[in-house]
Amino acid sequence: MAEQIPEDDKTARKPLTKLVLASYSAPATPLALVGLPMAVYLPAIYADPDGFGLALGMVGIILTLSRFTDVVTDPIIGFLSDRLKSRWGRRKPFVLVGTPIYAAGIWLLFVPPIAFTEVTWLGFEFSTGYPYLFCMVALTYLGSTIKDLPYMAWGAELSRNYNERTLVTSWREGFAVTGALISAFTPALILFAGYTKPTDAVYFLSVAMCIIMPIVVLNALLVVPEYPVVITAKKIPLRDSLKLVFANKPYVMLVVIFVFSTTGAAMTNSLSFFFVKHLLLAGDLYGLYLAPYFVSQIVAIPLWFALSRRIGKHRATMVAIGWYAFWSCFIPLIAIAPAAWFTSFGIPEMLSFLPDQQHQTVVDRFAGMDTGKFLFFVLIMCLKGSAIGALAALPAAMAADVVDVDTLTTGEQRAGAYFSIWSMTRKASYAIGITVGTGSAVFFGFDSLADPMDTTNTTQSLVMLACLYSVIPAMFKFVAMPLLWKYPLTEEKLAEIQAGISQSKPGSSSSNGVSADA
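Keep in mind it's a predicted model, so treat the numbers as computed, not measured.

Chemist: Any chance you could explain the overall build of the chain here in plain terms?
Modeler: Within the chain, the regular secondary structure consists of 23 helices and two strands. Residues counted as buried form 55% of the 518 residues belonging to the chain. Of the contacts formed within the chain by residues at least 6 apart in sequence, a portion of 84% connects residues at least 24 apart. A total of about 21600 Å² of accessible surface is found on the chain, and carbon and sulfur atoms cover 69% of it.

Put into structure tokens, the structure is as follows:
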């Protein structure tokens, strides 16, 4: 019979200290340094004339195909991390191994050591950039899978308290948004040094990630505990394990919610740069938009956390979706409105209070740029972006809760299996969102390689680009509303489940007889 390790929650699970919360969450910062380029700059770098000049539609397809490698790797890594026995724990060895693989993938993806050329193979002529993009994205996602799935499961197992789990994900999201904020400010800062291309920004961010990530990951491995778990006598095979996961109704509902939300987010992110460049005619100002956008996320996270404590995580997520969708509706209106309406709100006009010499510098820097619409766009995006933190942190906290439903049924803590499917569906839906977004834009006639100042894009193609960037992704998120309204796992229900888990532990005097293969 396999060893059983009883766990006394009163002694083993003390409230998490700020040091532990910060140490666990810190690796999210360097991850976000390159997470933002992966989300919004990758299509622009490979499908823009200032990048590698590949076709936008093909780049979208390549990114989608590379994501589906995770269909194989994610369940395997999740299953293995649940089963691993080592003196360092179940999760930490995977985080240690996956970190250098991920860092190497990021560096090779954004700083290619070779120049892309046109080649002919089997009668087809194509750029070597396409297979290179596929291989490097697949390598990056492999490293991400190895380290991120156990990392997420590790966080879910740090606490069993309903609100403290939200605190863990909020801290992690806070560090992630901080990294994203640094990532967002970097293009804005280097803009004034003459670095205006997306490739410039990702170079500096990739260097920073490769330096910072090993330090904070090593600190997390040393400082953050990994608690022992109950090991049952009967092990569940991988196929049966996945069946039990999909029989967990709250989890299935959460996955469906997350799939549609992530698909919409991928559409927005993949078209973000092209919207600013071709509709607002302010591609060089893209970094200036990202910075306040992520500031709004940081500011709003504590507010959403407080709201979730009052009305529950699922209801707070509903409010966040409504807020996000409301402000999304204004973005196409700004895009199609005449530029003359916004002339007095241009950056040089708004900064006219500066001394003459400094103001002339601003005028020279933004000469020829239509910056009037840009200010209104940034304002709307900040209001809309204030919901993003909630849409990232709250579902992740809810995912940690549903693992307890499985623990009551199986007698095991199998967070790895749950987060492997969570990650797999997130990556797949994100890939589908990229293809839907970029492919639909191309279908309606948008050409990412066109000169925005002397464009060959039609008015219809640009209007559709605006809708695919804003309104349609919001509609995807609205699919979650009826599921969230019926979501059954409230704070009270979770308390009942955890009481059942405590009663069924080995040695409990009030065991309720729940077995590992119930």
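Chemist: Explanation requested: the packing of aromatic side chains in the structure shown.
Modeler: Throughout the structure, instances matching the rule amount to 22 aromatic pairs. Consider the rings of Tyr24 and Trp154, whose centres lie 5.8 Å apart with planes at 80°: the pair is edge-to-face. Placement of Tyr24 in helix α2 (residues 18–25) and of Trp154 in helix α7 (residues 129–156) is noted, with a sequence separation of 130 residues between them. For the pair Tyr24 and Trp154, one class covers both residues: buried. A ring pair is formed by Tyr203 and Phe204, whose centres lie 5.7 Å apart and whose planes are at 75°; its orientation type is edge-to-face. For Tyr203, a relative accessible area of 39% translates into the label partly exposed. The partly exposed category is assigned to Phe204, whose relative accessible area is 35%.

Chemist: For this particular structure, what's the right way to read the packing of helix α13 (residues 313–328) against helix α18 (residues 388–410)?
Modeler: In helix packing, the relevant descriptors are the interaxial angle and the interaxial distance, both defined with respect to the helix axes. It is at 9 Å that the axes of α13 and α18 come closest, and there the two elements cross at 155°. Between α13 and α18, the crossing angle belongs to the class labelled roughly antiparallel. The handedness of the crossing between α13 and α18 is left-handed. On the side of α13, the interface is formed by Lys313, His314, Ala316, Thr317, Ala320, Ile321 and Tyr324, while α18 contributes Ile388, Ala390, Leu391, Leu394, Pro395, Ala397, Met398 and Asp401. Considering only residue class, the contact of α13 with α18 consists of 11 nonpolar, two polar and two charged.

Chemist: Please explain helix α11 (residues 249–278) as it appears in this structure.
Modeler: Given 3.6 residues to a turn, an α-helix orients residues that are three or four positions apart in the same direction. Here α11 contains 30 residues, and its C-alpha end-to-end distance of 44 Å stays within 8% of the 44 Å for a straight helix at 1.5 Å per residue. For α11, the principal kink sits at Leu271 and spans about 45°. Of all 30 residues that make up α11, 23 are buried, and the element is covered over most of its length.

Chemist: Could you clarify how one ought to interpret the environment of Ile497 in this entry?
Modeler: Within the element layout of this structure, Ile497 appears in helix α23 (residues 491–503). For the pair formed by Ile497 and Leu408, sequence separation is 89 residues and the distance between their alpha carbons is 6.8 Å. Excluding its chain neighbours within four sequence positions, the residues that come into contact with Ile497 are Asp404, Val405, Leu408 and Leu489.

Chemist: Explain the pattern of salt bridges here, please?
Modeler: If charged atoms from side chains of opposite charge come close, those side chains can pair. Within this structure, the stated rule accounts for three salt bridges. The salt bridge involving Lys277 is made with Asp48; its shortest N-O contact spans 2.9 Å. Of this pair, Lys277 sits in helix α11 while Asp48 sits in the loop between α3 (28–46) and α4 (56–67), and the two are 229 residues apart along the sequence. Pair check on accessibility: Lys277 and Asp48 agree, each one buried. Two residues, Asp148 and Lys147, come together in a salt bridge whose shortest N-O distance is 2.5 Å. Neither residue differs from the other here; Asp148 and Lys147 are each classed as buried.

Chemist: Sorry if this is basic, but what is going on with the environment of Ala431 here?
Modeler: Examined against the element boundaries, Ala431 turns out to sit in helix α19 (residues 415–443). Linking Ala431 and Thr262, residues 169 residues apart in sequence, is a C-alpha distance of 9.3 Å.

Chemist: What is the right way to read the side chain of Ser144 from this model?
Modeler: Along the chain, the position of Ser144 falls in helix α7. Given the relative accessible area of 7%, Ser144 is considered buried. Apart from the residues lying within four places of it in its own chain, the contact partners of Ser144 are Tyr102, Leu149 and Lys427.

Chemist: Got a minute to help me understand the state of the cysteines in this structure?
Modeler: Here a disulfide denotes a covalent bond joining the sulfur atom of one cysteine to the sulfur atom of another. If you walk through the whole model with that rule in mind, you get zero disulfides. Of all cysteine sulfurs in the structure, the one in Cys467 sits closest to Cys329, which takes part in no disulfide; the separation is 10.0 Å.

Scoring rules and cut-offs
- Residues numbered from 1 in each chain as written.
- Predicted model: local features only at pLDDT ≥ 70, side-chain atom pairs only at ≥ 80, totals over all residues.
- Heavy atoms only, no water.
- Helix = DSSP H or I, 4+ residues; strand = E, 2+ residues; numbered from the N terminus.
- Buried < 20%, exposed > 50% of the residue type's maximum accessible area, 1.4 Å probe, protein only.
- Contact = heavy atoms within 4.5 Å.
- Areas by Shrake-Rupley, 256 points an atom, 1.4 Å probe, with all protein chains shown as cover.
- Phe/Tyr/Trp six-rings, centres within 6.5 Å; stacked < 30°, edge-to-face > 60°.
- Axes fitted to C-alpha atoms, helices over the stretch in contact; angles between N-to-C directions.
- Parallel < 35°, antiparallel > 145°, perpendicular 65-115°, else oblique.
- Left-handed = near helix turned anticlockwise from the far one by under 90°.
- Nonpolar A, V, L, I, M, F, W, Y, C, P; charged D, E, K, R; others polar.
- Expected span 1.5 Å × (residues − 1).
- Bend = angle between axes of the 7 residues up to and from the residue.
- Salt bridge = Lys/Arg side-chain N within 4 Å of Asp/Glu carboxyl O.
- Disulfide = S-S within 2.5 Å.

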